[in-house]
Amino acid sequence: MNYRFQNLLGAPYRGGNAVIVNNNLLVSPVGNRVSVTDLLKSETITLPCQASSNLRRIAASPDGVFLLTVDENNRCLFINLPRRAVLHRLSFKHPVSDVKFSPDGRLIAVAAGKLLQIWRSPGFRKEFFPFELIRTFSDCNDRITSLDWSPNSDYLVVGSKDLTGRLFYLSKGKKKKNSYSKPFLFLGHRDTIVGTFFGVDKKTNDVMKVYTLSRDGAIFTWGYSSNDPEPTKMEEDSSEPDSTGTPEQRQDAEERKDLGANGEGDEDDEHLLHKKKWSLLKKDFFMQAQAKLTACDYHRGLDLVVVGFSNGVFALYQMPDFVCLHLLSISREKITTAVFNDLGNWLTFGCAKLGQLLVWEWKSESYILKQQGHYFDVNCIAYSPDSQLLATGADDNKIKVWTASSGFCFVTFSEHTNAVTALHFMPNNHCLLSASLDGTVRAWDLFRYRNFKTFVTPTPKQFVSLAADQSGEVICAGTLDSFEVFVWSMKTGRLLDVLSGHEGPVHGLMFSPNTSILASSSWDKTVRLWDVFSGKGGVEKFEHTHDVLTLTYRPDGKQLACSTLDGQIHFWDTLEGLEMFTIEGRRDIAGGRLMTDRRPAANSSAGKCFTTLNYSADGSYILAGGSSKYICMYDVADQVLLRRFQITYNLSLDGVLDFLNSKNMTEAGPLDLIDDDDSDTEEGVDKQSQKKLAYDLPGSMPNHGRPIIRSKCLRIAPTGRSWAAATTEGVLIYSMDESFIFDPTDLDIDVTPEAVDAALKEDEPKRALILSLRLNEDTLIKKCIVAVSPVDIPAVASSVPFRYLLRLVQALGDLLEQSPHLEFILRWCQELCKAHGSSIQQNNRNLLPALKSLQKAVTTLHQDLADTCSSNEYMLRYLCSTSNSR
């Protein structure tokens, strides 16, 4: 199955800076991936490329084409943002605290430790070494914390932890031997400088001011007088050694152009800002008691400064008069990023401890975006019957419902008081059930977004599994502590029955798709079948040699699969009550050594079992996952491994590497588990926080809270075109790749795209459609479908061979979502059902994914038309009532 990564849902923002590209694309780091949110279309995508660890800094080129990411291992990715492809890779030798493109996009400034490096931007050119280090400044005495480019890309102003700001000049023309320009120093701050920005004259766009902001809430405005005497030749050519780390190289005409040079004699003393006599014009302070300034940004066009503090308060000031326009508290935790969009009307704030990103329009004082992922691990997921919605439940006691196509969360339920352990969509698509460790099962109305029914037990229990029958009349939930299964009536909410017999926690529960038989699995090494409606209790018991962890039914209800603690998947014939075969999966899922493991990954027995299973829509393959970095896909008929997905390459998570480096082992334990980070992380550039909550308390995790990679829940969409996995990083969405695929055994020399076009020109739509189906090229198939006249649809539909019916139904489903010819496509669907109804019914397992995709498209269009018709009907009634009253 050609599944590829599509999106990442439910993953919170945990640190790093955010940028806005093209005024409406919000780009933010999520773990070791990059999330892109379209603020106008309300869509979120996650780039398929991964960094080696959590991202620390990102930067976007001025035209929005290139994206630069730097992770905690100081490894850089140069990404083509529209194509979502990695172009180049680079590793820095020092920790990177800030990185920015120059306004012309030709240079990149990197704050690597104490060094300020200037690199040439690679662009689209194919080169052996695309990144070229042009200049290195080593004047700072401590780590650089911020930097900013001048509008003409000639100057850089930086701030560092040595409480000093510096103005650097990129020398024009061909660099002379031993030529060096000292930076101008901005002195006077009493705390670490958090932000440095250039201020310009709005009429001439010349640099007139420099703003420096420190962590104690001070903002200094620096300026110079235009009547300053010009520097002498001796001052200009002060001879000092070359800066450390700069390679001796010849700069050809193109490199000089990159530096904005036209020749050696082009330097004009009037524009040498570092030679001007800068002075402190104004000193202001942001009045926030007991709070540190942690994030800031400056909009050059509007002369606005936005600052965020450690107490969750942000402020917007008009410069240079220092007039407070807005002062608002958005949380009680530290704001880690604050950024303007290009027009300056939207402000983006990020709070790492809450995992939240906010986009706020300051003129109308309204939120543009308010998205928050699950802060703790996602335990369970569920697809709606039409595959349009995806519900997630997590350890943060919240339930979120997402639109699968856009990646946006449109409702959050927070009534549970403990972790949510199971979710289930009712067949009507408008009701969601949830089970929790707080002892309740709740029913949620997705029309009114409310909890309309709560199912409880006489004594409090902890529920870990949930199931509902096909009619939606009976709700069942399995417990963790009492080992029982409780049965309620959906209509009345009354407790109907309590099924006893298990001797361990009931972690697996599912109704048969075709009958009223309920299957339950437990850690007591048994799977039991119950007849809930007849009241007979247990009807069958399947014995195993190890604890049964989970179970699932095949969509036709004739087969049941369950996984055991020894890493095997057992398949049972539910009609005969016999075990059909088993799949040995210990070697397939094994992989990844934890930092605290005493044995290598190959010899360790921990995690070598499947904790979640799910059948495909046609029952031909099964997905299996557990406490591992792998998700396995097995062919059920042949019992072979089809594919193994590695869900992440993030080295910031535990269990990703198979072999650990012995050099990282010390007498105090693994080096990665020793907390040697700087505790002074108030600058807003600290590492992403990964749930390091109270890790020093007794009974805490032995690896200091470092997340362990695992898959807790797997669900395949009813359409079969995508599947979701609830992992440590969030909910990963994989979908089928729509690439060009054809069957060469069905081709001959006459089957070509030219032959299809010739058949259309000769007015033979039937032959053209058959030829396009043999080629199996999507664009040609859709072209031939649209070319058929409405009168000829019945004849052409009846002439299509059955083996091409699946591909034709898939093309109709795509056309229904894209084409404006609604009645025409529905006519095609109607005639296909008339002509091939019996064949579709006999082979429904193979056609089920394509038919559900078609049903999804029809349902979406029906809802859109229903809303439009209701609105028009209301408007007509209003107009008629208005005319009658007159």
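Predicted model only: the values in this text are computed from it and were never measured.

Draft legend 1. Representation of the overall build of the protein chain. A tally of helices and strands in the protein chain yields ten helices and 58 strands. The proportion of buried residues among the 886 residues of the protein chain is 55%. Sequence-distant contacts in the protein chain: of pairs separated by 6 or more residues, those separated by 24 or more amount to 52%. As displayed, the protein chain offers around 39800 Å² of accessible surface, 50% of which is attributable to carbon and sulfur atoms.

Draft legend 2. Expanded view of helix α4 (residues 753-761). Buried within α4 are the following residues: Ala755, Val756 and Ala759. Looking straight down α4, one finds its buried side chains confined to an arc of 105°; they lie on one side. Facing away from the buried side of α4 by over 90 degrees, the exposed positions are Glu754 and Lys761. Elements in contact with the buried residues of α4: α5 (765-775) and α6 (778-787). At the exit of α4 stands aspartate 763, carrying a positive phi of roughly 60°.

Draft legend 3. The arrangement of the pattern of salt bridges in detail. Taken as a whole, this structure holds 20 salt bridges when the rule is applied. Linking aspartate 778 and arginine 807 is a salt bridge whose minimum nitrogen-to-oxygen distance equals 2.8 Å. One end of the pair, aspartate 778, is in helix α6; the other, arginine 807, is in helix α8 (residues 805-818), and 29 residues separate them in sequence. Ionic contacts of the salt-bridge type, sharing partners, join the residues Asp778, Lys782, Arg807 and Asp814 into one network.

Draft legend 4. Highlighting the pairing of strand β37 (residues 450-455). Here strand β36 (residues 441-445) pairs with β37 via five bridges, running antiparallel. Note on β37: the bridge partner recorded for arginine 442 is threonine 454. Where β36 folds back onto β37 in an antiparallel hairpin, the turn is made up of four residues, including tyrosine 449, whose phi is positive at roughly 55°.

Draft legend 5. Spatial organisation of α8. Between its first and last C-alpha atoms α8 spans 20 Å; for 14 residues at 1.5 Å apiece the expected length is 20 Å, and the two agree. Listed as buried for α8 are Leu805, Arg807, Leu808, Val809, Ala811, Leu812, Gly813, Leu815 and Leu816.

Draft legend 6. Quick peek at the sheet that holds strand β46 (residues 548-553). Strand order in the open sheet made by the four strands is β46-β47-β48-β49, with antiparallel pairing throughout. Since the sheet does not close on itself, it has two edges, and those belong to β46 and β49 (578-584), each with one partner. Pairs of neighbouring strands in the sheet enclose a mean axial angle of 20°, with direction left out of account. Where strand β48 (residues 568-573) lies against β49, six bridges are found, and the strand directions are antiparallel. When the bridges of β49 are listed, aspartate 573 appears paired with leucine 578.

Draft legend 7. Structural view of empty space enclosed by the protein. Considering all chains together, one arrives at seven cavities of 30 Å³ or more under this definition. Volume-wise, the largest cavity comes out at about 290 Å³. Around the largest cavity, the lining comprises 22 residues; the ones closest to its centre are Ala11, Val30, Ser35, Thr44 and Gln371. Mapped onto the lining of the largest cavity, the elements with two or more residues apiece are β1 (3-9), β3 (25-30), β4 (33-38), β5 (43-46), β28 (356-361) and β29 (366-372). Taken together, the residues of the lining of the largest cavity break down into ten nonpolar, twelve polar and no charged. Taken as a whole, the second largest cavity holds about 190 Å³ of empty space.

Draft legend 8. View of the packing of α5 against α6. Viewed as axis vectors pointing N to C, α5 and α6 meet at an angle of 165°, and their least axial separation amounts to 8 Å. Taken together, the axes of α5 and α6 are roughly antiparallel relative to one another. Crossing of α5 over α6 shows left-handed handedness. Within the contact between the two elements, α5 uses Ala768, Leu769, Ser772, Leu773 and Leu775 and α6 uses Leu780, Ile781, Cys784 and Ile785.

Draft legend 9. Spatial organisation of the side chain of serine 150. Positionally, serine 150 belongs in the loop between β14 (144-149) and β15 (155-160). Accessibility expressed as a relative area gives 0% for serine 150, which makes it buried.

Draft legend 10. Looking closely at the packing of α6 against α8. The contact between α6 and α8 brings their axes to 10 Å, and the two run at 75°. By the angle between their axes, α6 is roughly perpendicular relative to α8. Across from Asp778, Ile781, Lys782, Ile785 and Val786 in α6, the residues of α8 making contact are Arg807, Leu808, Ala811, Leu812, Asp814, Leu815 and Gln818. Looking at side-chain class alone, the contact of α6 with α8 contains seven nonpolar, one polar and four charged residues.

Draft legend 11. Broad picture of the nonpolar core. Counting 36 residues, the largest nonpolar core has Leu769, Ile785, Leu808, Leu812 and Trp828 as the members making the most contacts within it. In terms of residue count, α8 provides more of this core than any other element does, seven residues in total. Sequence-distant contacts of isoleucine 785, that is, excluding residues within four places in its chain, are made with Leu769, Leu808, Ala811, Leu812, Leu815, Phe824 and Trp828. Tyr3, Ala11, Ile631 and Leu653 belong to the second-largest nonpolar core, a separate cluster that totals 20 residues.

What counts, and where the lines are drawn
Residues numbered from 1 in each chain as written. Predicted model: local features only at pLDDT ≥ 70, side-chain atom pairs only at ≥ 80, totals over all residues. Heavy atoms only, no water. Helix = DSSP H or I, 4+ residues; strand = E, 2+ residues; numbered from the N terminus. Buried < 20%, exposed > 50% of the residue type's maximum accessible area, 1.4 Å probe, protein only. Contact = heavy atoms within 4.5 Å. Areas by Shrake-Rupley, 256 points an atom, 1.4 Å probe, with all protein chains shown as cover. Arc of directions from axis to C-beta. Salt bridge = Lys/Arg side-chain N within 4 Å of Asp/Glu carboxyl O. Pairing = 2+ DSSP bridges. Expected span 1.5 Å × (residues − 1). Axes fitted to C-alpha atoms, helices over the stretch in contact; angles between N-to-C directions. 1 Å grid on protein atoms, 1.4 Å probe; cavity = no way out; pocket = protein on both sides within 12 Å on 5 of 7 lines; lining within 4 Å. Points joined across faces, edges and corners; volume = space filled by probe spheres on them. Nonpolar A, V, L, I, M, F, W, Y, C, P; charged D, E, K, R; others polar. Parallel < 35°, antiparallel > 145°, perpendicular 65-115°, else oblique. Left-handed = near helix turned anticlockwise from the far one by under 90°. Core = buried A, V, L, I, M, F, W, Y, C linked by side-chain atoms within 4.5 Å.

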